Amino acid sequence: MTSVTSTTTGSGTAASAASAAPAASTKTGVQTSAQTGTPDTPVSQVELLIGGMTCASCAARVEKKLNRMDGVTATVNFATEKARVIYPRGVQVSDLIDTVVKTGYTAEEPPPPDPAPATREAEPAVASDSEATALRQRLVVSALLAVPVILLSMVPPLQFDNWQWLALTLAAPVVVWGGLPFHRAALTNARHGAATMDTLVSVGTLAAFGWSLWALFLGDAGMPGMHDEFRLTVSRMDAASTIYLEVASGVVAFILLGRYLEARSKRRAGAALRALLELGAKDVAVLRGGREIRVPVSELAVGDRFVVRPGEKIATDGTVVEGASAVDASMLTGESVPVDVAPGSTVTGATVNAGGRLVVEATRVGADTQLARMAKLVEDAQNGKAQVQRLADRISAVFVPIVLLIAVGTLLTWLFTTGDVTASFTAAVAVLIIACPCALGLATPTALMVGTGRGAQLGILIKGPEVLESTRRVDTIVLDKTGTVTTGRMTLQAVHAEEGTDEKELLRLAGALEHASEHPVARAIAAGAEERVGPLPPVERFENVPGRGVRGHVDGHDIVVGRLIEELGELPDEVARARGEAEAEGRTAVVVGWDGMARGVVAVADTVKETSADAVRQLRALGLRPVLLTGDNRAVAESVARTVGIDPGDVVAEVLPEDKVAAVERLRAEGRTVAMVGDGVNDAAALATADLGLAMGTGTDAAIEAGDLTLVRGDLRVAADAIRLSRRTLATIKGNLVWAFGYNVAALPLAAAGLLNPMIAGAAMAFSSVFVVTNSLRLRTFR
C-alpha cells in the first residue's frame, strides 16, 4: 500500500547508472536531486495513501501544498488516491503527513517492510470494498426516500392535501444524512479557505432545501391544497409558494449514484493490477534435510530448493534442477502455448506447472521477482500523470471558485433583468450543480489504470503516462538484431559434403568433436548433429586451439574442424565454393576434415524468430519505418533484413555497442522520432536515448530499466501490440478530456440561461463521470 525507497545521487551505483542512461530519468519524468539543483543531496521517495479526496480539485490542492515544501516534488493521483512524494534530507515523512492533514485530508504513514508483499497489497482493496459498501447503503436509503419526493413534485395528480409535508419528511434525511459526506467535506475545505466539487453540491442542495423550509414555514407553500409542477427550464413563479425538495433530494441521490458507479468502475479499472498481485503462490514445499516441508512463500530464501507438482504454481523465480515439464506462463506473458522446461531452464514465479514434477532452485524472492517487479511497474505507471492530465488538474484547481462567481453573477443578472427571485435562485442553483468538474479529474487516471492493467495481462508493461504521448509521435523503429529479431542462439543451417563423402557421416564426426567444446558455434553444430543423426560417438585426445579450431580422434579418424584445416593445404574447389556461398548468405561456415583432407562445410547462423517477419509487417501497418541495427557484418545483417522484410537501405551494420547511441542520435538528427527495441546490456544506453524505448523482458535488467515499455514475452509482435495499446489508451484519454471539457463548457451557459432544472443538472453531472469511466473500461477489450 505504501513504500519508501531512498537513493543517493552522485556516488556509487546510482551515479554510474545515471551516467549509463542519461536520458532515462528525464524521459520518464522522474525527478532526482540532480534535477532539483542539489546534486549532492540524498533524496527519498515515499508513496502515501490519501484519504478524503472527492474530486480532481482536491488532488490538485494536496499536490500544490506538498510541492510548496522546500525540495519536495509530489504527484497526487485522484483515481488511485495516492501521492508519490520525493523529498530531501531534513524532511520527514511525518512532515509530509502533517502538511496533508493541515490541507484538510488524511495521509497514511508507510508501515514497516512486509516480507509478504501480496498480503500488504491486498489491504487497499479491502478498504475500498468497505467504503463501497457504506456508499451503497447511503445510496439505497437516499434513493428510496428521494423517489417518492420526485414523483410527488413532478406528477400533479399524485399531489394530495398536505403532500408537501410528507415530501419534507422524506427529503430531510436525504439532504442531511445522505448528503453528509458532501457537507462535511465542504465544511472542512471552507476551514482551509478552499472550495471543491463538494462545495458546489453542498451549497446547491442546502440552498434548495433552505429555500423550501422558508417557503413551507414562513411562506404560502405549507398551505393545504398547494400544488406544484415540474419544469425542465426556469420559469417565473411566486417565491413564497415554490419549494425545491425534489431538487435537494434528487441531486443528492443522483450524485451518490454517480459516486457509487464511479467507485465500482474505478475498482474494475484497477482489477488487473490486483489480479497480478494475487497471482503468486501462497505456500511452497521446500526441500530441507531431504524432506519436503510446507512453508509460506515469504520464508523462501535465494538458494532454497522447492518441489512443484503438476498443476501447482511455481513459488518464485528460479532454475530447474530436476525433472522436465511444460510451464503455462499465460497469466504473465499473454502467451497461450506452454513452454517446455528441463534442468537448467529458468522459470518465473506465479506460472503454472502443467506437466511433470519439478525441483527448482530459487534465484529471486520477494520484491526482486519478475511478478513483483511487473506489479511495481504497473502501479508506478498508474500513479503517474501525462501532460494533458496536469493541464486538467490546473483547470480543476481554479474551476470551482470561478463557478461560485458565475453562480453569484447568474443570480444577480437574473434579479436585475427579471426581478424574479424564484427564477434567479433556480438558475444559480443549476449553475452550482451542473459545473462539478468530477469527470475532468477522472478522464486520464481511469483510462491509464485500465490501459496499463490490460497491458500487464498481455505481457506489456507501460512505465508511465509520458510514454503514451511518445508512441503517438514515433515514425521510425530501430530493431536490435540479436535476441530481438533473431533468437540470439546459433543453430545448424546447412551441411555440404564433398563428392564421395556421406553428409550424415560428416555431420556425425564433426558433431562428436564439437560436443567437447563450449564455444557457441560448436554447441550449435553438436546440437544439430544430435538432432539429425542421433547419439554421437566419444572423442579422444581432444584439443582446442584458440582462434584456430579444434582437433581430436573419433571412430579411428583424426578429425580437424575450423581454420586448422588450412594446415592440410589448399581447400578443394568445391569446399572453398561452399564456404564462400555460406558466408555470402550471412552464415558462419566451418570447414571439416579428417585423415589429412578437407571433407566439407557445416554452416550455422543465428536463427530469425518465426514471428519477426509478421512483426515487421505489423509495425509498417502502424506507419513505422523499421531499421535493423547490429554489430554483425553487413552480409549477415542484410540476410536477416531480407528474411523479415526490411529494406537493405535501412540496415545499420558493424556497429560497436558504444556506437548504438550515435546511430539512434543520427536518426533523430534527420528529424525522425525514434523508437528502439532491444534486450541486452549494450542496448540500455540506446534505449534511454531513443524517444521511446521498448525492452524485451527476456533480456537483461539494464535494458528493462532503461526502456519505457517492457515486453515480457520475447516476441517482436508484442512491440506492435504495445504501440497499438499505448496509442489507443492515449486516444481514450483525449476522448475523455474532450467530453469532460466540452460538457462543462456547454452546460454552464445553458444553466446560466435558465434552460436546465437543477435536478436534471444533477443527473447530467453524475452521469458525466460515469460516462468517462465507462469509456475507459472499453480498453479492457483490447486484443
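As the structure is a prediction and not an experimental result, all values here were calculated from the model.

1. A look at the overall build of the protein
If you tally the helices and strands in the protein, you get 28 helices and 27 strands. Per-residue burial over the protein gives 53% buried out of 783 residues. Intrachain contacts of the protein at a sequence separation of at least 6 include 71% that bridge at least 24 residues. When the accessible surface of the protein is totalled, it reaches about 32,600 Å², and 57% of it is carbon and sulfur.

2. Considerations on the sheet that holds strand β14 (residues 358-364)
Pairing is antiparallel in the open sheet, where six strands are placed in the order β7-β6-β8-β14-β9-β12. Bordering the open sheet on either side are β7 (291-296) and β12 (346-347), each of which pairs with just one other strand. For strand β6 (residues 283-288) and strand β8 (residues 305-308), the ladder comprises two bridges, and the chain directions are antiparallel. Paired with Ala 285 across the bridge in β8 is Val 307.

3. Some thoughts on the environment of Leu 144
Topologically, Leu 144 is positioned in helix α6 (residues 123-154). Separated by 109 residues in sequence, Leu 144 and Ala 253 have C-alpha atoms that sit 9.2 Å apart.

4. Remarks on the pairing of strand β22 (residues 597-608)
Most of β22 is tucked away: nine of the 12 residues are buried. Direction of pairing for strand β17 (residues 486-497) relative to β22: antiparallel, over a ladder of eight bridges. Each bridged residue has a counterpart across the sheet, and for Ala 494 the counterpart in β22 is Ala 603. With seven bridges connecting them, strand β21 (residues 588-594) and β22 associate as antiparallel partners. Across the sheet, residue Thr 588 finds its bridge partner in β22, namely Val 604.

5. A word on the packing of aromatic side chains
Counted under the stated rule, the structure contains four aromatic pairs. Between Trp 165 and Phe 217 the ring centres are 5.3 Å apart and the planes differ by 70°, which places this aromatic pair in the edge-to-face class. Of the two residues, Trp 165 is situated in helix α7 (residues 163-178) and Phe 217 in helix α9 (residues 197-217); the sequence distance between them amounts to 52 residues. Taking relative accessible area as the criterion, Phe 217 reaches 55% and is therefore assigned exposed. Aromatic pair Trp 739 and Phe 771: ring centres 4.6 Å apart, planes at 45°, arrangement tilted. Here the residue Trp 739 occupies a position in helix α27 (residues 717-752), and Phe 771 occupies one in helix α28 (residues 758-777), the gap between them amounting to 32 residues. In this structure Trp 739 comes out as partly exposed when scored by relative accessible area, which is 35%.

6. Comments concerning unusual backbone geometry
Excluding glycine, residues mostly have negative phi values, and the peptide bonds linking residues are mostly trans. Here Ala 350, not a glycine, exhibits a phi torsion of approximately 85°, which is positive. Examined against the element boundaries, Ala 350 turns out to sit in the loop between β12 and β13 (352-353). With relative accessibility at 1%, the residue Ala 350 sits in the buried group. One non-glycine residue, Asp 595, adopts positive backbone phi at about 55°. Relative to the helices and strands, Asp 595 resides in the loop between β21 and β22.

Basis of the calculations
Residues numbered from 1 in each chain as written. Predicted model: local features only at pLDDT ≥ 70, side-chain atom pairs only at ≥ 80, totals over all residues. Heavy atoms only, no water. Helix = DSSP H or I, 4+ residues; strand = E, 2+ residues; numbered from the N terminus. Buried < 20%, exposed > 50% of the residue type's maximum accessible area, 1.4 Å probe, protein only. Contact = heavy atoms within 4.5 Å. Areas by Shrake-Rupley, 256 points an atom, 1.4 Å probe, with all protein chains shown as cover. Pairing = 2+ DSSP bridges. Phe/Tyr/Trp six-rings, centres within 6.5 Å; stacked < 30°, edge-to-face > 60°.

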